[in-house]
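Commentary on secondary and tertiary structure
Residues per chain, in single letters:
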Amino acid sequence: EFVSAYHGLMKLISAPFPFPLVQMTRTFLFVWVFTLPFALVADIEKLPALVLLMFFITYGFIGLERVSIELDDPFGDDPNDFDVLGLAQVVFEDICISIYDI
């Protein structure tokens, strides 16, 4: 069961994500974020409120983009990635305990 789960994860890792989809999504995100102030300037007449609203909207959407970049490769060597060797060690210890416990 562990081996089939491992192969399933490896299949997910090796499946390529379509680059044009990623590129167009980022392009639309940045165009939308940079043109949104022009659309909101007529609705929000006070400049500090507009600047504050644009800060939070931009922070939220660019933050989601950064999170999606981190989640794109969860099995790498970054500090935020899964500890695959640690998980394998725990599984190995559990198997050893179940074998030698008999």
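Residues numbered from 1 in each chain as written. Predicted model: local features only at pLDDT ≥ 70, side-chain atom pairs only at ≥ 80, totals over all residues. Heavy atoms only, no water.

Here Asp78 is to be found in the loop between helix H3 (47–72) and helix H4 (84–100). Taking relative accessible area as the criterion, Asp78 reaches 44% and is therefore assigned partly exposed. Distance in space between the C-alpha atoms of Asp78 and Val41 is 40 Å, their sequence separation being 37 residues. (Helix = DSSP H or I, 4+ residues; strand = E, 2+ residues; numbered from the N terminus. Buried < 20%, exposed > 50% of the residue type's maximum accessible area, 1.4 Å probe, protein only.)

The full count for this structure, using the stated rule, is one salt bridge. Here Arg26 makes a salt bridge to Glu65, at a shortest N to O gap of 2.4 Å. With Arg26 in helix H2 (residues 19–40) and Glu65 in helix H3, this pair connects stretches of sequence that are 39 residues apart. A relative accessible area of 31% means that Arg26 is categorised as partly exposed. (Salt bridge = Lys/Arg side-chain N within 4 Å of Asp/Glu carboxyl O.)

On the surface, Phe2, Val3, Tyr6, Met10 and Ile13 cluster together into a nonpolar patch covering about 460 Å² of accessible area. Locating Val3 in the fold gives a position in helix H1 (residues 2–14). Assessed through its relative accessible area of 53%, Val3 is described here as exposed. (Patch = residues over 30% accessible without salt bridge, like charges linked within 9 Å, V, L, I, M, F, W, Y side chains within 5 Å. Areas by Shrake-Rupley, 256 points an atom, 1.4 Å probe, with all protein chains shown as cover.)

You can see Asn80 is positioned in the loop between H3 and H4. For Asn80 and Glu70, which are 10 residues apart along the polypeptide, the C-alpha to C-alpha distance reads 7.7 Å.

Here we take up the packing of H2 against H3. Where H2 contacts H3, the two axes come as close as 10 Å, and the packing angle between them is 175°. Here H3 runs roughly antiparallel to H2, going by the angle between their axes. Of H3, the residues touching H2 (which contributes Arg26, Leu29, Phe30, Trp32, Val33, Leu36, Pro37 and Leu40) are Leu50, Leu53, Met54, Ile57, Thr58, Phe61, Ile62, Glu65 and Ile69. Its residues assigned to classes, the contact of H2 with H3 shows 14 nonpolar, one polar and two charged. (Axes fitted to C-alpha atoms, helices over the stretch in contact; angles between N-to-C directions. Parallel < 35°, antiparallel > 145°, perpendicular 65-115°, else oblique. Contact = heavy atoms within 4.5 Å. Nonpolar A, V, L, I, M, F, W, Y, C, P; charged D, E, K, R; others polar.)

Note that all results are geometric; they support no functional claim without further evidence.
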